[in-house]
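Residue-level structure breakdown
Each chain, written out:
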Amino acid sequence: MQVQSYFSSLDNIDGELATLNLGPTHPATHGIFQNVLKMDGEKIVSGEPTIGYIHRAFEKLAERRPYNQITPITDRLNYCSSPINNMGWHMTVEKLIGCELPKRAQYMRIIIMELSRIADHLVCNSVIGVDTGALTGFTYMFQERERIYDLFEEVCGSRLTTNIGRIGGMERDFTPAFHAKLKDFLKTFPPRFEEFCGLLERNRIFMDRCIGAGPITAEMAMAYGFTGPNLRAAGVDYDVRVMSPYSSYEDFDFIIPVGVNGDTYDRFMVRQEEIRQSLKIINDAYNNLPEGPYHADVPEFYLPDKPDVYTKMEALIYHFKVVMQETPIPVGEVYHCVEGGNGELGFYLISDGGRTPYRLHFRRPCFIYYQAYPEMIKGAMLSDAILTMSSMNVIAGELDA
Amino acid sequence: MESEQILGRLAETMPGAVTAHDTAMDGILNIHTTREQLYPLLQTLRDDAQLGFNFLTSLCAIHYPENAGQELGMIYHLHNWTKNVRIRVKIYFPKEDAHVPTICTLWPSANWQERQEYDFFGVVFTGHPDLRRILNVDDMDVFPMRKEYRLEDGTRTDKDDRFFGRDGHEGRSFD
């Protein structure tokens, strides 16, 4: 409102407004979504986002898929941090079937989830750098992200759309190669990350571009359903890992960084600090990794060892039942949320006892907070709008589901 | 804040608004209400100092074709951040009269979420400032998440849902 009145007091530059189509495919949007902007010179009068360009009907698909086949769908929500989505989904089903995981499995999940949070934030933050004209940090940080993907590859065989873990635990234990690569990562990543910090955090040009770009107040952020780093940048310390701990997050001591102004710089700095906190959590979890099984004893949902299938009757029966989805599912409804890369990623699952969910609703943080974008860029320069968008880390996959 | 406290406070401030309640298996209190009471109830839940459900986590529609006269429903998830309590508010209404008051004025975050549920279930949110389809194409003339459309080849017999707690919607004939 204030911005609007400020703006309307200015004279039009050449007496007419122009309509600018930003997207659907535009290098600066980092994804497929369109903004129809009304421009007065280089100032934005109003913006109208249209989304849905990569809508893939996940909620409908999920109603026709057995529980273990929904995991690959969740990969494609926020594809920068697929493992968090996968595990959020697994935990939802585990809540429904009442399955408690052994500590080792929970700690293994935490290590994977925090690695993917680092990967997610690295992409977002280095892209903020790119959009302010600093490509170098991006090229360095993408190498680090590749190393995180190497770690995922050791755990599940794939890199981007991971399908990592299973209902009831992890699909396999950490391999020796994973241990070696993780130790190497934990040793060599922090100094390289600090180099990246040194490039940007106190960089005069970067700060001038970011400070004050696309600010949002804490009240507005809450009203618009912000969660995750974008909300914390506005000064609200809401973090699902602390509010409703899952997967033994209550065992770990970490700080929730918060910002003050809710602008691009605060969002950048909150993510920077979250990367450091994630590293701390990974170190703690890895150094205290409990011994024991890496999955719970839920043969109705967790596939038996393949050699057992060939030699043991019981394993063969369960293998058949899991593959053919012939397991009775409890009737009921559960809501489970995890702290995704972008905030509270919620799964609202309604089961009627059938082999597929009766209804599965995804609370996608991107979809909810992106609607504040026109408000945030009103009266701003076009280049600030681009920066604001990349600092909100809008991921088209999560936006459109 | 216990469920009894929430229900007691609601009985004080809005007598008769809660038509039924239960606790879901995840421990979240479900309260059912009517369409007429929905908006004032949500407003009370948000604004009452003792209740304080300040955050709209999500809202979603649901379709139960077998419930005659109550086919469609809306489910709202609210969250009290200071006391860390969640609550679900549910309403059901007939498919032929799929109107629900918008809650955009309470939480701006409901805007796109309501558009999404309109898009997929055809729930019309009265008073919504901009009720258009959001994820599907504009000229689509069906509401695809309603359980009205056959999804797989109807001759397929290897997955007989009648043995798995489900002999209704998915297995019924569409003609």
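1. Examining the overall build of chain B
Tallying secondary structure elements over chain B gives three helices and seven strands in all. Helices and strands appear in chain B in the N-to-C order α-β-β-α-β-β-β-β-α-β. Counting the 175 residues in chain B, one finds 34% classified as buried. In chain B, once contacts between residues fewer than 6 apart in sequence are set aside, the share between residues at least 24 apart is 50%.

2. Digging into the overall build of chain A
A count of helices and strands for chain A gives 18 helices and eight strands. Against the globule reference of 21 Å for 401 residues, chain A gives a C-alpha radius of gyration of 22 Å, in line with a compact fold. With the C-alpha coordinates aligned to their principal axes, the bounding extent of chain A is approximately 80 × 45 × 35 Å. Taking all 401 residues of chain A together, 51% fall into the buried category. Across chain A, contacts joining residues at least 24 apart in sequence account for 70% of those joining residues at least 6 apart.

3. A word on the confidence of the model for chain B
Residues and elements named next belong to chain B. Taken over all residues, the pLDDT of chain B has a mean of 87, while the share at 70 or more is 86%. The weakest mean pLDDT in chain B belongs to helix H1 (residues 3-13) at 92; the strongest belongs to strand S7 (residues 124-126) at 96. Under a pLDDT of 50 for its full length, residues 168-175 has, in the predicted model, seven contacts with residues more than four places off or in other chains. The complex model carries a pTM of 0.92, and its ipTM stands at 0.91.

4. Quick word on the interface of chain A and chain B
When the parts of a complex come together, some accessible area is lost, and that lost area is often taken as the interface size. Residue-level contacts link 32 residues of chain A with 30 residues of chain B. Grouping the amino acids of the side of chain A that touches chain B by side-chain chemistry returns 13 nonpolar, nine polar and 10 charged.

5. Let's talk about the packing of helix H5 (residues 103-131) of chain A against helix H12 (residues 264-287) of chain A
Residues and elements named next belong to chain A. Where H5 meets H12, the axes come as close as 9 Å, and the angle between the chain directions of the two elements is 155°. Taken together, the axes of H5 and H12 are roughly antiparallel relative to one another. Handedness of the crossing formed by H5 with H12: left-handed. Contacts between H5 and H12 involve Tyr107, Ile110, Ile111, Glu114, Leu115, Arg117, Ile118, His121, Leu122, Cys124, Asn125 and Ile128 on the former and, on the latter, Thr264, Phe268, Arg271, Gln272, Glu274, Ile275, Ser278, Ile281, Ile282, Ala285 and Tyr286. Class assignment of the residues belonging to the contact of H5 with H12 gives a composition of 14 nonpolar, five polar and four charged.

6. A word on the sheet that holds strand S7 (residues 343-352) of chain A
Residues and elements named next belong to chain A. Here three strands make up an open sheet; going across it, the order is S6-S7-S8 and the pairing antiparallel. In the strand order of this sheet, the two ends are held by strand S6 (331-340) and strand S8 (359-363), each with one partner. Looking at each pair of strands side by side, their axes are set apart by 10° on average, direction ignored. Bridge count between S7 and S8: five bridges; the pairing is antiparallel. Residue pairing across strands places tyrosine 348 opposite histidine 361, the latter belonging to S8.

7. Quick word on H5(A)
All names here are of chain A. Its 29 residues give H5 an end-to-end C-alpha distance of 42 Å, which sits within 8% of 42 Å, the value for a rise of 1.5 Å per residue. Counting buried residues in H5 gives 26 out of 29 residues, a clear majority hidden from the surface. Positive phi appears at glycine 133, one or two residues downstream of H5, with a value of about 100°.

8. As for the environment of A:Glu154
All names here are of chain A. By secondary structure assignment, the location of glutamate 154 is in helix H6 (residues 135-156). Judged by local crowding, glutamate 154 falls into the partly exposed class, with 18 C-beta atoms found within 10 Å. Through-space distance from the C-alpha of glutamate 154 to that of phenylalanine 178 is 5.7 Å; in sequence the pair is 24 residues apart. Setting aside chain neighbours within four positions, we find glutamate 154 in contact with Thr175, Ala177, Phe178 and Lys181.

9. Some remarks on the pairing of strand S3 (residues 55-63) of chain B
Residues and elements named next belong to chain B. Within S3, nine of the nine residues are buried, leaving the element largely enclosed by the surrounding structure. As paired elements, S3 and strand S4 (residues 72-80) share eight bridges and run antiparallel to each other. Residue pairing in the sheet places leucine 59 in a bridge with tyrosine 76 of S4.

10. Describing the packing of H12(A) against helix H17 (residues 382-392) of chain A
Residue and element names in this part refer to chain A. Two numbers describe how H12 lies on H17: the axes approach to 9 Å, and their chain directions differ by 25°. Of the possible angle classes, the one that applies to H12 and H17 is roughly parallel. Note on packing geometry: the crossing formed by H12 with H17 is left-handed. Between H12, through Thr264, Arg267 and Phe268, and H17, the contact on the second element is made entirely by Leu387, Thr388 and Ser391. Residue composition of the contact of H12 with H17, grouped by class: two nonpolar, three polar and one charged.

11. A look at the sheet that holds strand S4 (residues 34-40) of chain A
Residues and elements named next belong to chain A. Across the sheet, which stays open at both edges, the three strands sit in the order S1-S4-S5 with antiparallel pairing between neighbours. Here the strands that pair on one side only, and so sit at the sheet edges, are strand S1 (18-22) and strand S5 (43-50). Ignoring strand direction, the axes of neighbouring strands in this sheet form an average angle of 25°.

12. Description of the nonpolar core
The biggest cluster of nonpolar side chains holds 152 residues, and the ones touching the most others in it are A:Leu399 and B:Val123. With 15 residues, H5(A) is the single largest residue contributor to this core. Two domains each provide a minimum of three residues to this core, namely domain 1 (2-50) and domain 2 (67-400) of chain A. Not counting chain neighbours up to four residues away, the residues in contact with A:Leu399 comprise A:Phe33, A:Ile51, A:Arg364, A:Cys366, A:Phe367, A:Tyr370 and A:Val394.

13. A few points about unusual backbone geometry
Residues and elements named next belong to chain A. Positioned with a positive phi, alanine 57 is a non-glycine residue whose angle comes to about 60°. One non-glycine residue, asparagine 393, lies in the positive phi region at around 55°. Positionally, asparagine 393 belongs in the loop between H17 and helix H18 (396-400).

Conventions we followed
Residues numbered from 1 in each chain as written. Chains lettered and ligands numbered in written order. Predicted model: local features only at pLDDT ≥ 70, side-chain atom pairs only at ≥ 80, totals over all residues. Helix = DSSP H or I, 4+ residues; strand = E, 2+ residues; numbered from the N terminus. Buried ≥ 20, exposed ≤ 12 C-beta atoms within 10 Å, placed from the backbone. Contact = placed C-beta atoms within 7 Å. Rg over C-alpha atoms; globule rule 2.2 N^0.38 Å. pLDDT = per-residue confidence, 0-100. Nonpolar A, V, L, I, M, F, W, Y, C, P; charged D, E, K, R; others polar. Axes fitted to C-alpha atoms, helices over the stretch in contact; angles between N-to-C directions. Parallel < 35°, antiparallel > 145°, perpendicular 65-115°, else oblique. Left-handed = near helix turned anticlockwise from the far one by under 90°. Pairing = 2+ DSSP bridges. Expected span 1.5 Å × (residues − 1). Core = buried A, V, L, I, M, F, W, Y, C linked by C-beta atoms within 7 Å. Domains from an automatic or database assignment.

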